[in-house]
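Breakdown of the fold
Next come the chains, spelled out residue by residue.
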Amino acid sequence: MDNIILIGMPGSGKSTVGVVLAKALGLRFLDVDLLIQEREGALLQKLIDTQGVERFLDLERNAIQTLDCRYTVVAPGGSCVCREESITHMRRLGTVVYLQLSLEEVAGRIHNLESRGIALSPGQTLADVYQYRAPLYERCAHITVPAGGQSLAGTVEAVKKALAVSAEPL
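Residues numbered from 1 in each chain as written. Predicted model: local features only at pLDDT ≥ 70, side-chain atom pairs only at ≥ 80, totals over all residues. Heavy atoms only, no water.

Let us now look at helix H3 (residues 44-51). For H3, the set of buried residues is Leu44, Gln45, Leu47 and Ile48. Around the axis of H3, the buried residues are gathered within 160 degrees of arc, so they sit on the same side. More than 90 degrees from the buried face of H3, the exposed residues found are Lys46, Asp49 and Thr50. On the buried face of H3, the contacting elements are helix H2 (32-40) and helix H4 (53-65). One or two positions beyond H3, positive phi appears at Gly52, with a value near 90 degrees. (Buried < 20%, exposed > 50% of the residue type's maximum accessible area, 1.4 Å probe, protein only. Helix = DSSP H or I, 4+ residues; strand = E, 2+ residues; numbered from the N terminus. Arc of directions from axis to C-beta. Contact = heavy atoms within 4.5 Å.)

This is how it looks when you write it as structure tokens:
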């Protein structure tokens, strides 16, 4: 597989780690959130507010299903695992790496919950989203990399090491 797909909760570093990882490996970088914003002509939060969470998840699924790339680090949105078709396509597209953080670490990194473009249904908390998505990330991922308690460079190195180990013949 020649693509790397980084999944995880909002704030886990998918985009930040993705850019640095792509540069370090000589790959392209693609942020699915930016792709959706470009296609729809609106910020993620505006799409969620005006069209609702379910419609947003459909837009995200559609964007993921149209991905046809090679030699690319892909950062889908945190809700990418909320549609089975997205999970299936991401796993076919490349090696899926879960950037794993605890709920406490996620909460400590997100300071703009109301405007960040996180697919939260009315009344849903960050803890609710975490509890729902964590098992989906684990099921979707080929590799899980702890992403907390270290620098950006440390996370990138951990991902590179995990990818190298997974590529070794048995």
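For H2, the full list of buried residues reads Val32, Leu35 and Ile36. One face of H2 carries all of its buried residues, which in axial projection span an arc of 100 degrees. Facing away from the buried side of H2 by more than 90 degrees, the exposed set consists of Leu34 and Glu38. Against the buried residues of H2 lie strand S2 (28-31), H3, H4 and strand S3 (72-75). Put simply, Asp31 is the residue that caps the front of H2, since its side-chain oxygen is 2.9 Å from the backbone nitrogen of Asp33. The first or second residue beyond H2 is Gly41, which carries a positive phi of 65 degrees. (Polar contact = N/O pair within 3.5 Å; in protein donor to acceptor, adjacent residues only side chain to side chain.)

Turning our eyes to something else, we now look at the pattern of salt bridges. With the rule as written, the count across this model stands at 6 salt bridges. Across the pair Asp58 and Arg61 runs a salt bridge, and its minimum N-O distance is 3.3 Å. One end of the pair is Asp58 and the other is Arg61, both in helix H4 and 3 residues apart, which spans about a single turn. Overall, the relative accessible area of 21% leaves Asp58 in the partly exposed class. A salt bridge links Glu157 to Lys160, with the nearest nitrogen and oxygen atoms 3.2 Å apart. (Salt bridge = Lys/Arg side-chain N within 4 Å of Asp/Glu carboxyl O.)

If you walk across this open sheet you meet the 5 strands as S2-S3-S1-S4-S5, and the pairing is parallel. The sheet is open, and its two borders are formed by S2 and strand S5 (143-146), each paired with just one other strand. Here the strands of the sheet are splayed against their neighbours by 25 degrees on average, with no regard to which way each runs. Of the strand pairs in this sheet, strand S1 (residues 4-7) and S3 are connected by 2 bridges, and their pairing is parallel. Across the sheet, the residue bridging to Ile4 is Val73, located in S3. (Pairing = 2+ DSSP bridges. Axes fitted to C-alpha atoms, helices over the stretch in contact; angles between N-to-C directions.)

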